[in-house]
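# Geometric and topological summary
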Amino acid sequence: MTDTDVVPAVPAAPVKTPPDQRRRAWTVTALLVVFMMVNFADKSVLGLAADPVREDLGLSASAFGLANSAFFLLFSICGAAVGLLADRVRPKWLLLTMAVLWSLSQAPLVLGGGLTVLVASRVLLGAAEGPAFPVAQQTTLSWFPNHRRNLPGALIVLGITLGVLVAAPVLTWVIHEHGWRTAVAVVAVAGAVWALLWIPFGGEGPYAGRRGSGTPEPVPADGPGAGAGADRTAHGSDADPAADSREADRVAEAAEDVAGAGGAARGTPYRRILATRTWIGATAAYFGTYWVIAFCLVWLPSYLHDGLGYSSVASTRLLMLVWGLSGVVVLGQAGLTGWLLRRGSSSRRARGGVGGVLLLVGAGACLALPAAPAGAATVVLLVAGFGCAGAMGSVAATTVAELAPADRRGGALGIMNAVVTTAGLIAPTLVGHLVDTHGTAGYRQALLITGVLLLLGGIAAVTLIDPARDARLLSTRRADPLAPDHDAPRQLA
């Protein structure tokens, strides 16, 4: 019998996951959704206050775009560095540090200052927010096995949408009634409140694959009563058929993890993970999505007001419509992807195919938008183009989490995020330059660029993403091929 003929046995009595652990998993997920809401409220506040800020500080469109791009100056570098660090340091404390720094970095801007203070504040805030998405995804997904990660992963992305949906009306009112510096103070306080809640309730789950600082963690027996749970599994549970169903589901989870669906072997070099077609395809596709996010946060309010002639109130409503559709698409994608995976579809189809098609729809709408007649057609294309692009963030994160082993997941996600968020450095400055150079026609050129990037990203997702294929290529172990995978939720016999 060769190594490839060996099939590890699924344990006869998998350990029961206690209800407290399931509640904790969703509590942590909910906190991280709020974390991403605060994160994107921080990002969106200057876009919502674009006209008052430019008037108050005497900034041209190019200078304002440069100030927003400054946010991403250290964003990508810190995203990669902290993503790698998250494979060695508990993400709980990394997330807490980020939230505290968000609030501290915005304090000088609340107190006063001009362009220099604005740029310095945004650079520091960007450095602290750069790792937020990959570390939040890593922490959330550590509570769920691979085939159950679509919904929690999508909810973290939904936090982006909810952050803007809540921030748009609330911060717009604060800006108009109390000034833009007060709006900055509001989001700074929100970050501090979240940090206080995270200390007692935050943490990593049993799929984190670490103990302490970077050493593999044998997944515990999930708390008191594990032996009793195993005994019930072995002998059946006449009193609780639902428990038997849950045990059967956990057997399926164990089989999935043993079969290698959870990713490559532990200790796989980062360079091999980053060279896979799946990582490259997910990153290219997600780059297009992040370009749209940066465009929406910084310039979409101005485009609606100055480029299309909508009032401030109408612009806010359209902005909420765009982000609202994005949230619906994110949840719809999670549901469809989960349904396809449960029916036996590969991740190539369920994740890469679904995410890629959504990007292609967004690309078509953005490319058609500059030539569309003013009115309802413009609104439909705008909402479709920007709203359909957002789901790729969830697809990219869950795809890379499926591909990478637990001890490389933080770094793989962090480096992807670092590459992707360079779009936030480029887009605001480029759009500002186009608007200064060509006036409102610059917005139309920016939309064409956005459409091309979404088109390329959609093609990359459809043609390159296949985590099962690339996990097989990475799965050659350097040691005992029968060594248990600690990304599994329990020890396997």
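Cut-offs and rules
- Residues numbered from 1 in each chain as written.
- Predicted model: local features only at pLDDT ≥ 70, side-chain atom pairs only at ≥ 80, totals over all residues.
- Heavy atoms only, no water.
- Core = buried A, V, L, I, M, F, W, Y, C linked by side-chain atoms within 4.5 Å.
- Buried < 20%, exposed > 50% of the residue type's maximum accessible area, 1.4 Å probe, protein only.
- Helix = DSSP H or I, 4+ residues; strand = E, 2+ residues; numbered from the N terminus.
- Contact = heavy atoms within 4.5 Å.
- Expected span 1.5 Å × (residues − 1).
- Polar contact = N/O pair within 3.5 Å; in protein donor to acceptor, adjacent residues only side chain to side chain.
- Axes fitted to C-alpha atoms, helices over the stretch in contact; angles between N-to-C directions.
- Left-handed = near helix turned anticlockwise from the far one by under 90°.
- Nonpolar A, V, L, I, M, F, W, Y, C, P; charged D, E, K, R; others polar.
- pLDDT = per-residue confidence, 0-100.
- Phe/Tyr/Trp six-rings, centres within 6.5 Å; stacked < 30°, edge-to-face > 60°.

## Description of the nonpolar core
One finds Leu32, Phe35, Met98, Tyr290, Phe386 and Met416 to be the most contacted residues of the largest nonpolar core, which totals 129 residues. Here this core gets 14 residues from one element, more than from any other, and that element is helix α13 (residues 277–298). In this structure, Met416 is in contact with Trp279, Ala282, Thr283, Tyr286, Ala396, Ala397 and Val400, ignoring residues within four places of it in sequence.

## A short note on helix α6 (residues 115–129)
Along its 15 residues, α6 runs 21 Å from first to last C-alpha, staying within 8% of the 21 Å computed at 1.5 Å per residue. Those residues of α6 not exposed but buried are Leu118, Ser121, Arg122, Val123, Leu125, Gly126, Ala127, Ala128 and Glu129.

## A closer look at the side chain of Ser142
Position of Ser142 relative to the elements: it lies in the loop between α7 (132–141) and α8 (150–178). Residue Ser142 is classed as buried on the basis of its relative accessible area of 3%. At a separation of 2.6 Å, a polar atom in the side chain of Ser142 contacts the main-chain carbonyl oxygen of Thr139. Leaving out residues up to four positions away in the same chain, Ser142 has contacts with Glu204, Gly205, Pro206, Tyr207 and Ala208.

## Topic: the packing of helix α5 (residues 91–111) against α7
The interhelical angle for the contact between α5 and α7, taken along N-to-C directions, is 145°, at an axis separation of 10 Å. Seen from above, α5 lies across α7 with left-handed handedness. Taken together, the residues of α7 that come into contact with α5 (itself represented by Pro91, Leu95, Met98 and Trp102) are Ala132, Val135, Ala136, Gln138 and Thr139. Split into classes, the residues belonging to the contact of α5 with α7 amount to seven nonpolar, two polar and no charged.

## Focus on the confidence of the model for the protein chain
In the predicted model, the protein chain carries a mean pLDDT of 80, and 82% of its residues have values of at least 70. Counting interchain partners and residues more than four positions distant, the pLDDT-below-50 stretch residues 1–15 has 24 contacts.

## Structural notes on the environment of Leu304
Assignment of secondary structure puts Leu304 in helix α14 (residues 300–307). Overall, the relative accessible area of 0% leaves Leu304 in the buried class. Not counting residues up to four positions away in its chain, the partners in contact with Leu304 are Gly309, Tyr310, Ser315, Leu318, Leu319 and Leu382.

## Some details on the packing of aromatic side chains
Counted according to the given criterion, the structure contains 13 aromatic pairs. Ring geometry for Trp194 versus Trp198: centroids 5.1 Å apart, planes at 15°, classification stacked. Taken as a pair, Trp194 and Trp198 lie in helix α9 (residues 180–201) at a separation of four residues, close to a single helical turn. Across this residue pair, the class does not change: Trp194 and Trp198 are buried. Measuring from centroid to centroid gives 5.4 Å for Phe295 and Phe386, while their planes differ by 65°, and the two rings are edge-to-face. Separated by 91 residues along the polypeptide, Phe295 in helix α13 and Phe386 in helix α17 (residues 376–387) bring together distant segments of the chain. Since its relative accessible area comes to 3%, Phe386 is described here as buried.

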